[in-house]
Amino acid sequence: QVQLVESGGGLVQAGGSLRLSCAASGRTFSSYAMGWFRQAPGKEREFVAAISWSGGSTLYADSVKGRFTISRDNAKNTVYLQMNSLKPEDTAVYYCAAGNGVEITPPLYDYWGQGTQVTVSS
(Lines give C-alpha, C1' and ligand atoms only; values in the text may rest on other atoms or scores of the structure.)
Protein backbone atom coordinates (compact mmCIF):
# COMPACT_ATOMS: atom_id res chain seq x y z
CA GLN A 1 0.00 0.00 0.00
CA VAL A 2 1.26 3.46 -0.91
CA GLN A 3 -0.30 6.74 0.21
CA LEU A 4 0.50 9.85 -1.79
CA VAL A 5 0.17 13.49 -0.75
CA GLU A 6 0.76 16.32 -3.22
CA SER A 7 1.81 19.84 -2.30
CA GLY A 8 3.18 22.97 -3.91
CA GLY A 9 0.24 24.09 -5.99
CA GLY A 10 -0.98 27.66 -6.04
CA LEU A 11 -1.64 30.74 -8.13
CA VAL A 12 1.08 32.00 -10.45
CA GLN A 13 1.27 34.43 -13.35
CA ALA A 14 1.90 33.22 -16.87
CA GLY A 15 5.62 32.70 -17.41
CA GLY A 16 6.20 31.84 -13.76
CA SER A 17 7.30 28.63 -12.09
CA LEU A 18 6.06 26.20 -9.48
CA ARG A 19 7.47 23.00 -8.04
CA LEU A 20 5.05 20.30 -7.04
CA SER A 21 6.00 17.61 -4.56
CA CYS A 22 4.42 14.24 -3.93
CA ALA A 23 5.34 12.57 -0.66
CA ALA A 24 4.78 8.84 -0.41
CA SER A 25 4.35 6.64 2.61
CA GLY A 26 5.44 3.06 2.67
CA ARG A 27 8.77 1.33 2.30
CA THR A 28 8.13 0.23 -1.28
CA PHE A 29 8.15 3.70 -2.87
CA SER A 30 11.42 3.06 -4.67
CA SER A 31 9.95 0.06 -6.47
CA TYR A 32 7.22 2.09 -8.17
CA ALA A 33 7.24 4.17 -11.29
CA MET A 34 5.64 7.54 -10.62
CA GLY A 35 3.49 9.73 -12.81
CA TRP A 36 1.98 13.19 -12.79
CA PHE A 37 -1.44 13.79 -14.34
CA ARG A 38 -3.71 16.80 -14.48
CA GLN A 39 -7.40 17.45 -14.87
CA ALA A 40 -8.97 20.74 -15.86
CA PRO A 41 -12.67 21.46 -15.27
CA GLY A 42 -14.84 19.63 -17.79
CA LYS A 43 -11.90 17.69 -19.21
CA GLU A 44 -10.55 14.20 -18.81
CA ARG A 45 -7.51 13.47 -16.71
CA GLU A 46 -4.43 13.72 -18.89
CA PHE A 47 -0.86 12.50 -18.66
CA VAL A 48 1.83 15.05 -17.86
CA ALA A 49 5.04 13.18 -17.01
CA ALA A 50 6.34 9.90 -15.61
CA ILE A 51 9.57 8.56 -14.19
CA SER A 52 10.86 5.03 -13.68
CA TRP A 53 11.60 3.57 -10.25
CA SER A 54 15.31 4.37 -10.62
CA GLY A 55 14.82 7.79 -12.18
CA GLY A 56 16.73 6.64 -15.23
CA SER A 57 13.80 6.89 -17.60
CA THR A 58 11.36 9.77 -18.02
CA LEU A 59 8.47 10.52 -20.32
CA TYR A 60 6.63 13.77 -21.00
CA ALA A 61 3.49 14.89 -22.74
CA ASP A 62 4.26 16.99 -25.81
CA SER A 63 2.41 19.92 -24.27
CA VAL A 64 4.90 20.20 -21.38
CA LYS A 65 8.12 18.94 -22.96
CA GLY A 66 10.93 21.42 -22.44
CA ARG A 67 9.03 23.29 -19.71
CA PHE A 68 8.38 20.65 -17.02
CA THR A 69 10.87 18.32 -15.36
CA ILE A 70 10.01 15.27 -13.30
CA SER A 71 12.48 13.93 -10.75
CA ARG A 72 12.50 11.75 -7.66
CA ASP A 73 14.42 11.28 -4.44
CA ASN A 74 13.94 7.72 -3.24
CA ALA A 75 15.70 8.46 0.04
CA LYS A 76 12.98 11.02 0.78
CA ASN A 77 10.11 9.02 -0.75
CA THR A 78 9.28 12.04 -2.88
CA VAL A 79 8.68 12.80 -6.53
CA TYR A 80 8.79 16.33 -7.92
CA LEU A 81 7.43 18.20 -10.89
CA GLN A 82 9.28 21.40 -11.70
CA MET A 83 7.07 23.55 -13.90
CA ASN A 84 8.58 26.51 -15.72
CA SER A 85 7.20 28.94 -18.31
CA LEU A 86 3.70 28.23 -17.11
CA LYS A 87 0.76 29.01 -19.36
CA PRO A 88 -2.92 29.59 -18.55
CA GLU A 89 -3.71 26.28 -20.23
CA ASP A 90 -1.64 24.52 -17.56
CA THR A 91 -4.35 25.39 -15.04
CA ALA A 92 -5.68 22.15 -13.54
CA VAL A 93 -5.67 19.92 -10.52
CA TYR A 94 -2.41 17.99 -10.57
CA TYR A 95 -2.27 14.42 -9.30
CA CYS A 96 0.63 12.10 -8.64
CA ALA A 97 0.27 8.37 -9.08
CA ALA A 98 2.28 5.22 -8.46
CA GLY A 99 2.37 2.25 -10.79
CA ASN A 100 4.43 -0.61 -12.13
CA GLY A 101 5.81 1.12 -15.21
CA VAL A 102 6.24 4.39 -17.03
CA GLU A 103 2.77 4.65 -18.51
CA ILE A 104 0.60 7.41 -19.94
CA THR A 105 -2.75 5.76 -19.21
CA PRO A 106 -4.33 6.54 -15.82
CA PRO A 107 -5.90 3.09 -15.22
CA LEU A 108 -2.42 1.56 -15.28
CA TYR A 109 -1.53 3.36 -12.06
CA ASP A 110 -2.47 1.72 -8.78
CA TYR A 111 -2.30 4.55 -6.25
CA TRP A 112 -3.32 8.19 -6.47
CA GLY A 113 -2.98 11.30 -4.39
CA GLN A 114 -5.75 13.78 -3.67
CA GLY A 115 -4.43 16.42 -6.03
CA THR A 116 -3.18 19.99 -5.76
CA GLN A 117 -4.62 22.98 -7.63
CA VAL A 118 -2.44 24.92 -10.02
CA THR A 119 -3.86 28.15 -11.42
CA VAL A 120 -1.98 30.20 -14.00
CA SER A 121 -3.28 33.70 -14.62
CA SER A 122 -2.75 35.53 -17.89
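Residues numbered from 1 in each chain as written. Predicted model: local features only at pLDDT ≥ 70, side-chain atom pairs only at ≥ 80, totals over all residues. Heavy atoms only, no water.

Caption draft 1: Highlighting the nonpolar core. L4, M34, W36, L81, M83 and Y94 are the most contacted members of the largest nonpolar core, which has 36 residues in total. Sorting the residues of this core by element identifies β3 (18-25), β4 (33-39), β5 (46-51), β7 (68-73), β8 (78-83), β9 (92-99), β10 (109-112) and β11 (116-121) as the ones contributing at least two each. Setting aside residues no more than four positions away along its own chain, M34 makes contact with L4, C22, F29, A49, A50, I51, I70, R72, V79, A97, A98 and Y109. (Core = buried A, V, L, I, M, F, W, Y, C linked by side-chain atoms within 4.5 Å. Buried < 20%, exposed > 50% of the residue type's maximum accessible area, 1.4 Å probe, protein only. Helix = DSSP H or I, 4+ residues; strand = E, 2+ residues; numbered from the N terminus. Contact = heavy atoms within 4.5 Å.)

Caption draft 2: Focus on the side chain of S21. For S21, the position within the fold is in strand β3. If near-sequence neighbours (up to four positions away) are discounted, S21 is found in contact with V5, E6, S7, W36, T78, V79 and Y80.

Caption draft 3: A look at the sheet that holds strand β1 (residues 3-7). Strand order across the open sheet formed by four strands is β1-β3-β8-β7, with antiparallel pairing between neighbours. The sheet is open, and its two borders are formed by β1 and β7, each paired with just one other strand. Averaged over all pairs of adjacent strands, the angle between their axes in this sheet comes to 15 degrees, without regard to strand direction. (Pairing = 2+ DSSP bridges. Axes fitted to C-alpha atoms, helices over the stretch in contact; angles between N-to-C directions.)

Caption draft 4: The arrangement of the packing of aromatic side chains in detail. For the structure shown, the criterion picks out six aromatic pairs. Measuring from ring centre to ring centre gives 5.2 Å for F37 and Y109, while their planes differ by 80 degrees; the resulting arrangement is edge-to-face. One end of the pair, F37, is in strand β4; the other, Y109, is in strand β10, and 72 residues separate them in sequence. Residue class for Y109 comes out buried when judged on its relative accessible area of 4%. Here Y95 and W112 contribute two aromatic rings whose centre-to-centre distance is 6.5 Å and whose plane-to-plane angle is 75 degrees, an arrangement assigned as edge-to-face. Pair noted here: Y95 is in strand β9 and W112 is in strand β10, with a separation of 17 residues, a long-range link. We classify W112 as partly exposed; its relative accessible area is 27%. Here the aromatic cluster, defined as three or more aromatic residues joined through ring pairs, consists of F37, F47, Y95, Y109 and W112. The ring of W112 is capped by R45, whose NZ or CZ atom sits 4.8 Å from the centre of that ring. Its guanidinium or amino end placed over the ring of F29, R72 lies 4.6 Å from that ring's centre, counting from NZ or CZ. (Phe/Tyr/Trp six-rings, centres within 6.5 Å; stacked < 30°, edge-to-face > 60°. Lys NZ or Arg CZ within 6 Å of the ring centre and 35° of its normal.)

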